[in-house]
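Results of the structural survey
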Amino acid sequence: MRTAVDRIFDLLGALTGEAHGLSLQEAAQASRLSKPTAHRLLTDMIGRGIVRQDKASGNYALTLELALIAFKQLGELGFLDVCQPTLDELAALSGELVRLAWRDQDRLVILSEAQGAKPGLRFDANLGRPVVLHTMAAGKVFLASQPRAEALRLLRQQGLMGSPDTGPNAIQTEDELALELSRVERQGYALAYDEGDLGAAAIAVPILDPKNRAFLGSVAVVGPTVRWTKAKLSELAPALNEAAAAIAAKAAIAPFCRRIADAQTRPSRTGS
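Throughout what follows, the structure given in this document is the object of discussion. A quick note: this is a predicted structure, and the numbers were derived from the prediction, not measured.

To continue, consider the packing of aromatic side chains. Enumeration according to the criterion identifies one aromatic pair in this entry. Both rings, one in Phe142 and one in Phe215, keep their centres 5.0 Å apart while their planes meet at 20°; by these two values the pair is stacked. With Phe142 in helix H6 (residues 137-144) and Phe215 in strand E7 (residues 215-224), this residue pair connects regions lying 73 residues apart in the sequence. This pair shows no difference in class: Phe142 is buried, exactly as Phe215 is. Geometry around Trp228 places Lys232 over its ring, the cationic atom sitting 4.8 Å from the centre.

As structure tokens, then:
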């Protein structure tokens, strides 16, 4: 049974990305709520400045309040400020988009990026986007860092494989995933080629806590397949590892990163 908080976040999720907003009926359907419940919650959120209602259309849309809260939180942490120069250097070296993803309990979230590609054919910002664990290189290094039972739990929690939103080379079965994670462990890096998106190539390495080797996050380079073969991507691994080590050293002194690393030394909920 969904709690009041669940209902609020379901509504927020329904409104996310809807630039022109949603009608009450659309918002209620998308969040699986009755119209009276959706209306009551939307009215409460309007009062808090989180949602606005367009006078002409009557549609409900998110304000920037949540974004401001998120940016304030990231700014107070101070971590991204000290990591950005490392990302910028890697972007200049690779000439492509560089992404920093950080662990937030059972998921990875893209926190920062640096663009090294010139205007034209390039990949752009996805800040705040959760990482799809089995189709993105960043997600693969996360899964490979976990015991196999835990990796499967995370994958099943994320959702079944075979989504129509994935690329043609996306992993389709748990057996394929097991082979891929073994490969990632041997190599020390993960590749994704036409897996998350058609035409996208990526390489990622893990960011490991220097104290206990716990997985903190990942750093990845993303570019178009027309510019990158798998072999050429693999040549970026040493530079990525150097950047990951530099970020890990900076993370070691950040309180919120320290809490994440310490939490990962405890037994997983699967007991594996």
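The next point concerns H6. Among the eight residues in H6, eight count as buried, and that is most of the element. Those residues of H6 that sit buried are Ala137, Ala138, Gly139, Lys140, Val141, Phe142, Leu143 and Ala144.

In a pair of packed helices, the angle between the axes and the distance between the axes together describe the arrangement. Here helix H1 (residues 4-15) crosses helix H3 (residues 35-47) at 80°, and the two axes come no closer than 10 Å. Comparing the axis directions of H1 and H3 gives the class roughly perpendicular. In contact with Arg7, Ile8, Leu11, Leu12 and Leu15 of H1, H3 contributes Thr37, Ala38, Leu41, Leu42 and Met45. In terms of residue class, the contact of H1 with H3 is made up of eight nonpolar, one polar and one charged.

Unusually for a residue other than glycine, Gln105 sits at a positive phi of about 60°. Within the fold, Gln105 resides in the loop between strand E3 (97-104) and strand E4 (107-115). The class for Gln105 is exposed, based on a relative accessible area of 65%. Within the chain, Arg213 stands out as a residue other than glycine whose phi angle is a positive 65°. Inspection of the secondary structure puts Arg213 in the loop between strand E6 (200-208) and E7.

Another point: helix H10 (residues 237-251). Between its first and last C-alpha, H10 extends 20 Å over 15 residues, near the 21 Å set by a 1.5 Å rise per residue. When H10 is considered as a whole, its buried residues turn out to be Ala237, Ala239, Leu240, Ala243, Ala244, Ile247, Ala248 and Ala251.

So, about the sheet that holds E6. Strand order in this open sheet of five strands is E4-E3-E7-E6-E5, and the pairing throughout is antiparallel. The two strands at the open ends of the sheet, each matched to only one other strand, are E4 and strand E5 (190-193). Looking at each pair of strands side by side, their axes are set apart by 25° on average, direction ignored. Alignment of E3 against E7, held across six bridges, turns out to be antiparallel.

Reading the values: the criteria
Residues numbered from 1 in each chain as written. Predicted model: local features only at pLDDT ≥ 70, side-chain atom pairs only at ≥ 80, totals over all residues. Heavy atoms only, no water. Phe/Tyr/Trp six-rings, centres within 6.5 Å; stacked < 30°, edge-to-face > 60°. Helix = DSSP H or I, 4+ residues; strand = E, 2+ residues; numbered from the N terminus. Buried < 20%, exposed > 50% of the residue type's maximum accessible area, 1.4 Å probe, protein only. Lys NZ or Arg CZ within 6 Å of the ring centre and 35° of its normal. Axes fitted to C-alpha atoms, helices over the stretch in contact; angles between N-to-C directions. Parallel < 35°, antiparallel > 145°, perpendicular 65-115°, else oblique. Contact = heavy atoms within 4.5 Å. Nonpolar A, V, L, I, M, F, W, Y, C, P; charged D, E, K, R; others polar. Expected span 1.5 Å × (residues − 1). Pairing = 2+ DSSP bridges.

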